[in-house]
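# What the coordinates show
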Amino acid sequence: MRIDIISVVPELMTSAFSHSILKRAAAKGLVEVNLINLRDYAVDKHNSVDDYAFGGGAGMVLMIEPIDACLKDLKSKRDYDEVIYMSPDGQMLDQPLSNQLSLKKNIIILCGHYKGVDERVRQHLITREISIGNYVLSGGELAAAVLSDSVIRLLPGVLNDETSALSDSFQDGLIAPPVYTRPQEYNGWGVPDILLSGHTANIDKWRHEESVKRTKERRPDLLK
Ligand code: ADE
């Protein structure tokens, strides 16, 4: 999979892709993430990519010209399945949407900044808008990193234990069960006996029951 992320501050995302699981995914050739600086497509020698909003008001707006030039450049090299704009008023990101996007080959993610992008970008140049939650971030960069992480970890071969993504919270509509590791006892706080029993079938059953219990307690909305 290839993910091209367009931003005016790509540096905000470098660390997210340079460590741990996402770094290994790229090293194994399972994903290629490219951080593209929109200023490379600036309209003038001052590197301008934004301007004042028509009609007045505070805040700058990213211009359509550099964005269109960047998209045209990328699309001249390969076909893309999606051009996603990160926006608090987009479709809410959830596990089914991440699963769906993980099946795509090439995607572009456009990050807004300041007051956002010229509305004509949203009307004509993108295929979908995604939000990571009902709050406003300073830009789409952290949201793009969240979206990318949730997608990349689903790609076959990225997680060491192939079944691990399947046992994540939300993957089966349930919250993940509790997990424990050494020491077996700490401050008098123990570990459920069942997990030490070595009986795989019983452990699986317990885990499922705990998942259902947790989901009822914490996220009853998921059971509807
Ligand atoms: N840009 C600013 N806030 C955002 C959010 N909540 N989700 C996605 N993109 C955003």
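Residues numbered from 1 in each chain as written. Predicted model: local features only at pLDDT ≥ 70, side-chain atom pairs only at ≥ 80, totals over all residues. Heavy atoms only, no water.

### Concerning helix 3 (residues 64–75)
Keep this limit in mind: In this description a helix means any DSSP run of H or I spanning at least four residues, a strand means any run of E spanning at least two, and both kinds are numbered starting from the N terminus. Given the number of residues in a helix, its expected span is that number minus one, multiplied by 1.5 Å. We call a residue buried when its accessible area falls under 20% of the maximum for its residue type, exposed when it is over 50%, and partly exposed in between, using a 1.4 Å probe and counting protein chains only. The directions from the helix axis to the C-beta atoms form the arc being described. Contacts: residue pairs with any heavy atoms within 4.5 Å of one another.
For helix 3, which comprises 12 residues, the first-to-last C-alpha distance of 16 Å matches the rise-based estimate of 16 Å (1.5 Å per residue) to within 8%. Among all positions in helix 3, only P66, I67, C70, L71 and L74 are buried. Taken around the axis of helix 3, the buried residues stretch over an arc of 130°, which confines them to a single face. Looking at helix 3, the residues exposed on the side facing more than 90 degrees away from the buried face are E65 and K72. Taken together, the buried residues of helix 3 touch strand 1 (2–7), strand 2 (32–37), strand 4 (60–62), strand 5 (82–92), strand 6 (106–111) and helix 5 (119–124).

### Quick notes on unusual backbone geometry
Between R182 and P183 the backbone carries a cis peptide bond, its omega angle lying at 0°. Within the element layout of this structure, P183 appears in the loop between helix 6 (141–152) and helix 7 (200–218). One non-glycine residue, Y114, adopts positive backbone phi at about 55°. Note that Y114 resides in the loop between strand 6 and helix 5.

### Focus: the packing of aromatic side chains
The criterion, for reference: Paired rings are identified among Phe, Tyr and Trp, the last through its six-membered ring, by centres lying within 6.5 Å, and are further divided according to the angle between planes into stacked (under 30 degrees), edge-to-face (over 60) and tilted (the rest).
Scanning all chains against the criterion turns up 1 aromatic pair. Both rings, one in Y186 and one in W189, keep their centres 6.1 Å apart while their planes meet at 55°; by these two values the pair is tilted.

### Here's the deal with the domain arrangement of the protein
The criterion, for reference: How far each domain reaches was decided by an automatic or database domain assignment.
If you check the domain split of the protein, you get domain 1 (2–152) and domain 2 (169–223). The C-alpha-based centres of domain 1 and domain 2 are spaced at 37 Å.

### Overview of the sheet that holds strand 6
What counts, and what does not: Two strands pair if DSSP finds at least two bridges between them. Lines fitted to C-alpha atoms define the axes, with helix axes restricted to the stretch in contact, and inter-axis angles between N-to-C directions lie between 0 and 180 degrees.
One open sheet accounts for 5 strands, arranged 2-1-6-5-7; its pairing is parallel. Single-partner strands in this sheet number two, and they are strand 2 and strand 7 (128–131). Put simply, the sheet's adjacent strands are angled 30° from each other on average, direction ignored. Note: strand 5 against strand 6, 5 bridges, orientation parallel. Bridge pairing links I84 to I109 in strand 6. The strands that helix 3 touches are strand 1, strand 2, strand 5 and strand 6; relative to strand 1, the one it contacts most, it runs at about 160°.

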